[in-house]
Amino acid sequence: MAAVKETIDTVQKLETYEHGFVSDIEMEFAPKGLNADIVRFISEKKNEPEWMLQWRLDAFERWQSMDEPDWAKLNYKRVDYQDLYYYAAPKQKVAPKSLDEIDPELLRTYEKLGIPLKEQMVLAGVEGAPKYAVDAVFDSVSVVTTFKDELKKSGVIFCSISEALREYPELVRKYLGTVVPQSDNYFAALNSAVFSDGSFVYIPPGVRCPMELSTYFRINASETGQFERTLIIADKGAYVSYLEGCTAPMRDENQLHAAVVELVVLEDAEIKYSTVQNWYPGDAEGKGGIYNFVTKRADCREPRAKVSWTQVETGSAITWKYPSCILRGDDSVGEFYSIAVTNGHQQADTGTKMIHLGKNTRSRIISKGISAGKSSNTYRGLVSAHARAAGARNFTQCDSLLIGKTCAAHTVPYVEADTAKAQFEHEATTTRLSEDQLFYAMQRGLSQEEAVALLVNGFVRDVLQELPMEFAVEAQKLVAISLEGSVG
Amino acid sequence: MLNIENLTVSVDDKTILKGLTLDVPTGEVHAIMGPNGAGKSTLGYTLAGRSNYEVTAGSATLNGEDLLDKDVHERAAAGLYLSFQYPLEIPGVPALTFIRTALNAQRKLRGEDEMSAPEFLKTTREVAKSLKIDMDMLKRPLNVGFSGGEKKRMEVLQMALLKPKFLILDETDSGLDIDALKVVSEGVNALRAPDRGMLVITHYQRLLDHITPDRIHILVDGRIVHSGGPELAHELEANGYDQYLGEAA
């Protein structure tokens with residue numbers, strides 16, 4: 001398998017975190033701190049309709065009366081919410097009409113990250129190679145979305161959520177907050193009040209989106225929170241595969257990222273949502289790194305809707321994230337495939353919720369947690385069946401791999417059934433990367449790093465297979481890099 | 001040529017090998033026989049470079065190259081192959097991937113070009129056929145759920161593909177029925193070559209009926225106490241190790 005080889009080369013070549021550079025771009029900030037005026041400022045900056053401002057203010061009010069959750073197995077210095085910038089945008093007098101009008105430094109940033117923003121560049125590639133439409137979000141705003149026109153031909157709307165609020169306000173209004181309500185949780189409420197940008201996707205009935213859609217999030221500015229909001233709607237019989245990638249510079253301070261992703265899946269529709277999260281994890285002593293507090297939820301609202309979450313989590317100092325599926329429509333299907341890698345002083349508390357409400361709903365959870373260094377990796381998951389969810393089925397497999405002697409892995413599964421007609425299966429394993437296996441692989445010619453990479457790739461193979469091909473290779477490399485130097 | 005000189009090895013502060021000296025000329029097959037606990041497997045692990053096997057004195061060289069100051073994978077690239085008594089299971093990694101990754105890692109370390117995928121597949125197909133290994137089996141994760149005989153055949157397949165200069169077979173006959181023993185032995189015999197040496201570690205004479213050694217050495221309590229020709233195996237089978245135990249004391 002060429003990918004394994006590539007992984008090994010990459011491991012040898014790369015520093016621990018290759019995206020740690022800072023771009024020098026002229027920025028516009030809102031004043032530090034959070035109050036109703038800041039919320040108004042953000043809404044005004046984006047020329048939002050009045051109802052949107054009210055919605056934000058409502059969220060802000062609710063947020064003020066809420067407490068930060070403390071039930072997760074995470075230990076971190078609390079965020080001072082008044083000591084943050086809530087809006088940071090590259091300074092640009094008018095909205096760019098084409099790429100030529102965008103700050104070249106910004107384009108270089110994405111180029112460095114290996115993300116193609118120039119459509120002609122993508123098109124000039126190998127014939128027959130898959131095309132990816134990209135929405136690039138830089139700090140608080142979306143800077144460009146590619147292939148918009150081509151997508152429009154098939155009726156697909158793919159743009160920043162700010163643009164959607166201006167161009168398709170009724171669509172946004174109909175679905176925004178219907179999956180993750182403003183007051184859902186502390187971080188979702190905060191996001192609802194101050195979210196600055198994110199992606200919006202609408203796939204019309206019966207349409208299979210002609211290309212993969214992706215969003216790249218980049219936090220650049222210092223002391224700035226990133227609050228993006230993504231809303232994807234797959235109308236009846238539609239299909240879309242969507243991928244998000246995230247990176248940030250290396251900074252000594254902790255940076256806050258509190259995103260909300262809402263997926264609405266209607267009858268016979270399917271959304272495949274993949275994440276490769278590589279936020280800066282902090283340095284070897286545990287200084288700096290991103291706080292990643294994210295609410296992701298999919299609503300299979302109608303019969304035979306299907307959602308598949310695939311996540312590869314290698315970055316962030318703190319991860320608090322539970323992409324979930326509400327299986328409301330009869331015969332709807334939810335899937336969650338996860339690889340979570342923690343090294344150094346990283347802490348992850350992540351998993352999923354499968355809420356079976358409809359009849360004959362099915363769900364599948366495959367979670368692979370890898371802990372190394374002094375890190376802590378917790379799987380937390382809920383599988384529940386409502387009284388009317390007869391015939392509901394779930395299969396959960398939760399595997400943890402420990403590398404070294406100073407890391408921890410925890411598994412916290414909650415299983416609740418209000419009907420006797422549901423069938424839930426749970427399998428879990430915890431293994432240590434064995435000295436014997438390493439020695440065996442090394443005796444055949446692999447260095448220690450190569451042996452770890454090969455064995456770990458084997459451990460996560462079930463999940464990698466769920467990712468779009470190109471990203472599987474990327475993810476495989478990422479996992480290996482994240483574990484560099486983990487065996488002493 | 002493998003030269004071992006006065007090799008002294010401890011594991012967890014217990015001395016296992018106590019000044020072992022042994023030469024295996026290139027092109028020859030030597031056998032090490034001895035009672036349980038004599039240090040047979042320790043010898044294999046030490047030469048391969050396993051951690052916790054601490055060399056406190058002595059030396060070991062392969063074709064003049066010092067083995068002991070090299071890392072495990074560097075020894076492998078230098079041409080040393082240890083066939084495991086209990087081959088490890090590698091979940092999620094297809095056998096083909098594992099072997100090809102190892103082969104190319106060795107080649108890279110030696111400054112050679114990688115073997116292309118088609119060439120690798122072609123070679124593998126031929127070797128697999130001679131060992132009665134189905135190609136479909138090589139698409140499965142290495143050794144996971146394989147029988148004892150299948151695992152040993154995979155060990156022989158790997159040695160045939162990696163083409164080492166020196167082979168150490170650690171109790172290769174353990175867990176094999178008579179048919180599997182035949183296939184495995186034939187595979188090993190096919191690898192006998194004027195430019196390759198072998199050290200066969202075994203407790204029983206049974207394996208040596210199939211792989212006839214040029215010399216047999218008897219290892220007792222961390223030292224070679226007696227050496228002789230292939231006839232020594234049958235003598236041991238008849239009389240056991242008792243006569244040598246006194247010599248070690």
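Model, not experiment: these values are computed from the prediction.

(A) Geometry of the overall build of chain B. Secondary structure assignment for chain B yields nine helices and ten strands. Radius of gyration (C-alpha) of chain B: 18 Å, near the 18 Å computed for a compact globule of 249 residues. Along the first, second and third principal axes, the C-alpha atoms of chain B reach 55 × 40 × 35 Å. Considering only residue pairs separated by 6 or more positions, chain B has 71% of its internal contacts joining residues 24 or more positions apart.

(B) View of the overall build of chain A. Broken down by element type, chain A carries 13 helices and 24 strands. Among the 488 residues that make up chain A, the fraction classed as buried is 55%. Counted over contacts in chain A with a minimum sequence separation of 6, partners at least 24 positions apart contribute 83%.

(C) Geometry of helix 8 (residues 232-239) of chain B. Residues and elements named next belong to chain B. Restricting attention to buried positions, one finds in helix 8 the residues Leu232, Ala233 and Leu236. Burial along helix 8 is one-sided: seen end-on, the buried residues are contained in an arc of 105°. In helix 8, those exposed residues whose orientation departs by more than 90 degrees from the buried face are His234, Ala238 and Asn239. Its buried side turned inward, helix 8 meets strand 3 (29-33), helix 7 (206-210), strand 9 (215-220) and strand 10 (223-228). Immediately downstream of helix 8, the backbone of Gly240 shows phi near 75°, a positive value.

(D) Highlighting the sheet that holds strand 1 (residues 2-11) of chain B. Residues and elements named next belong to chain B. One open sheet accounts for four strands, arranged 2-1-4-5; its pairing is antiparallel. Strands at the two margins of the open sheet, each flanked by one partner only, are strand 2 (14-24) and strand 5 (65-66). Relative to strand 2, strand 1 is paired through eight bridges, and the arrangement is antiparallel. Bridge assignment links Leu2 to a residue of strand 2, and that residue is Val24.

(E) Molecular detail of the nonpolar core. Of all hydrophobic cores here, the largest spans 189 residues; its most connected members are A:Val201, A:Ala234, A:Val240, A:Leu263, A:Val265, A:Ile271 and A:Val456. Residues within four places of A:Val201 in sequence aside, it is in contact with A:Ile157, A:Phe158, A:Leu213, A:Ile232, A:Ile233, A:Val240 and A:Tyr242.

(F) Broad picture of the confidence of the model for chain B. Taken residue by residue, chain B gives an average pLDDT of 93. The fraction at 70 or more is 98%. When mean pLDDT is taken per element in chain B, strand 6 (residues 80-83) of chain B scores highest with 97 and helix 9 (residues 242-248) of chain B scores lowest with 72.

(G) Looking closely at the environment of B:Gly175. All names here are of chain B. Tracing the sequence through the fold places Gly175 in the loop between strand 7 (166-170) and helix 6 (178-190). A count of 15 C-beta atoms within 10 Å places Gly175 in the partly exposed class. Gly175 sits 24 residues away from Lys151 along the chain, and the two C-alpha atoms are 10.0 Å apart.

(H) Inspection of helix 1 (residues 40-48) of chain B at higher detail. Across the nine residues that make up helix 1 of chain B, a large majority, eight, are buried. Count one or two residues on from helix 1 of chain B and you reach B:Gly49, which has phi positive near 100°.

(I) Representation of the UniProt feature "domain: SUF system FeS cluster assembly SufBD N-terminal" (unreviewed entry) in chain A in the model. Here, the residues flagged by UniProt with the feature "domain: SUF system FeS cluster assembly SufBD N-terminal" (unreviewed entry) are residues 152-208 of chain A. The annotated region residues 152-208 of chain A carries 44% helix and 16% strand content, and the separation between its end C-alpha atoms amounts to 13 Å.

(J) Layout of the interface of chain B and chain A. With 22 residues of chain B in contact, the opposing surface of chain A contributes 20 residues. Where the side of chain B that touches chain A is concerned, the elements lending two or more residues are helix 2 (72-77), helix 3 (95-109) and helix 5 (148-162) of chain B. Residue contributions to the side of chain B that touches chain A peak at six residues, all from helix 3 of chain B. Here the residues of the side of chain B that touches chain A are counted per class, giving 14 nonpolar, seven polar and one charged.

(K) A look at the environment of A:Ser375. Residues and elements named next belong to chain A. Positionally, Ser375 belongs in the loop between strand 20 (362-371) and strand 21 (376-385). Residue classification places Ser375 among the buried residues on the basis of 25 C-beta atoms within 10 Å. Look past the residues within four positions of Ser375 in its chain and what remains in contact with it is Thr342, Asn343, Gly344, His345, Gln346, Gln347 and Cys407.

(L) View of the packing of helix 5 of chain B against helix 6 of chain B. Residues and elements named next belong to chain B. Direction vectors running N to C along helix 5 and helix 6 enclose 10°, while the axes themselves pass 10 Å from each other. Relative to helix 6, the element helix 5 is oriented roughly parallel. Contact residues: helix 5 offers Gly149, Lys152, Arg153, Val156 and Ala160, while helix 6 offers Ala180, Val183, Val184, Gly187 and Val188. The class makeup of the residues in the contact of helix 5 with helix 6 is six nonpolar, two polar and two charged.

(M) Summary view of unusual backbone geometry. Within the chain, A:Asp268 stands out as a residue other than glycine whose phi angle is a positive 60°. The residue A:Asp268 is located in the loop between strand 11 (260-265) and strand 12 (270-277) in this model. Here A:Asp268 falls in the buried class, since 21 other C-beta atoms lie within 10 Å of it. In this structure, B:Lys163 takes a positive phi of about 45° despite not being glycine. One can find B:Lys163 in the loop between helix 5 and strand 7.

(N) The arrangement of the confidence of the model for chain A in detail. All names here are of chain A. When pLDDT is averaged across chain A, the result is 83; 81% of the residues are at 70 or more. Of the regions scoring below 50 in pLDDT, residues 8-15 engages in eleven contacts with residues more than four places distant in sequence or in other chains. Predicted confidence is poor over residues 120-130, with pLDDT under 50, and the contacts of this stretch with residues over four places away or in other chains come to five contacts.

(O) Structural detail: the pairing of strand 7 of chain B. Residues and elements named next belong to chain B. The buried fraction of strand 7 is high, at five of five residues. By the alternation rule, side chains of strand 7 split into Phe166, Ile168 and Asp170 and Leu167 and Leu169, which are all buried. Summarising the sheet, strand 6 and strand 7 pair through four bridges and their orientation is parallel. In the sheet register, Tyr81 faces strand 7, and the bridge partner there is Leu167.

(P) Structural detail: the packing of helix 3 (residues 50-64) of chain A against helix 9 (residues 186-194) of chain A. All names here are of chain A. At their nearest, the axes of helix 3 and helix 9 sit 7 Å apart, and the two run at 145° to each other. Helix 3 and helix 9 meet at a crossing whose hand is left-handed. Of helix 9, the residues touching helix 3 (which contributes Arg56, Ala59, Phe60, Arg62 and Trp63) are Tyr186, Ala189, Leu190, Ser192 and Ala193. Looking at the contact of helix 3 with helix 9 residue by residue, the class counts come to seven nonpolar, one polar and two charged.

(Q) A look at the sheet that holds strand 7 of chain B. All names here are of chain B. Strand order in the open sheet formed by six strands is 6-7-8-3-9-10, and the pairing between neighbours is mixed. In this open sheet, the two strands that pair with only one neighbour each are strand 6 and strand 10. For this sheet the average axis-to-axis angle between neighbouring strands, irrespective of direction, equals 20°. Here strand 3 runs beside strand 9; their pairing, made up of four bridges, is parallel.

(R) Main features of the environment of A:Trp63. All names here are of chain A. Note on placement: Trp63 falls in helix 3. Residue classification places Trp63 among the buried residues on the basis of 23 C-beta atoms within 10 Å. Separated by 293 residues in the primary sequence, Trp63 and His356 have C-alpha atoms spaced 28 Å apart. Residues contacting Trp63, with those up to four places away along its chain left out, are Tyr186, Ala189, Leu190 and Ala193.

Cut-offs applied
Residues numbered from 1 in each chain as written. Chains lettered and ligands numbered in written order. Predicted model: local features only at pLDDT ≥ 70, side-chain atom pairs only at ≥ 80, totals over all residues. Helix = DSSP H or I, 4+ residues; strand = E, 2+ residues; numbered from the N terminus. Rg over C-alpha atoms; globule rule 2.2 N^0.38 Å. Contact = placed C-beta atoms within 7 Å. Buried ≥ 20, exposed ≤ 12 C-beta atoms within 10 Å, placed from the backbone. Arc of directions from axis to C-beta. Pairing = 2+ DSSP bridges. Core = buried A, V, L, I, M, F, W, Y, C linked by C-beta atoms within 7 Å. pLDDT = per-residue confidence, 0-100. UniProt positions renumbered as here; feature names shortened; annotations may be inferred. Nonpolar A, V, L, I, M, F, W, Y, C, P; charged D, E, K, R; others polar. Axes fitted to C-alpha atoms, helices over the stretch in contact; angles between N-to-C directions. Parallel < 35°, antiparallel > 145°, perpendicular 65-115°, else oblique. Left-handed = near helix turned anticlockwise from the far one by under 90°.

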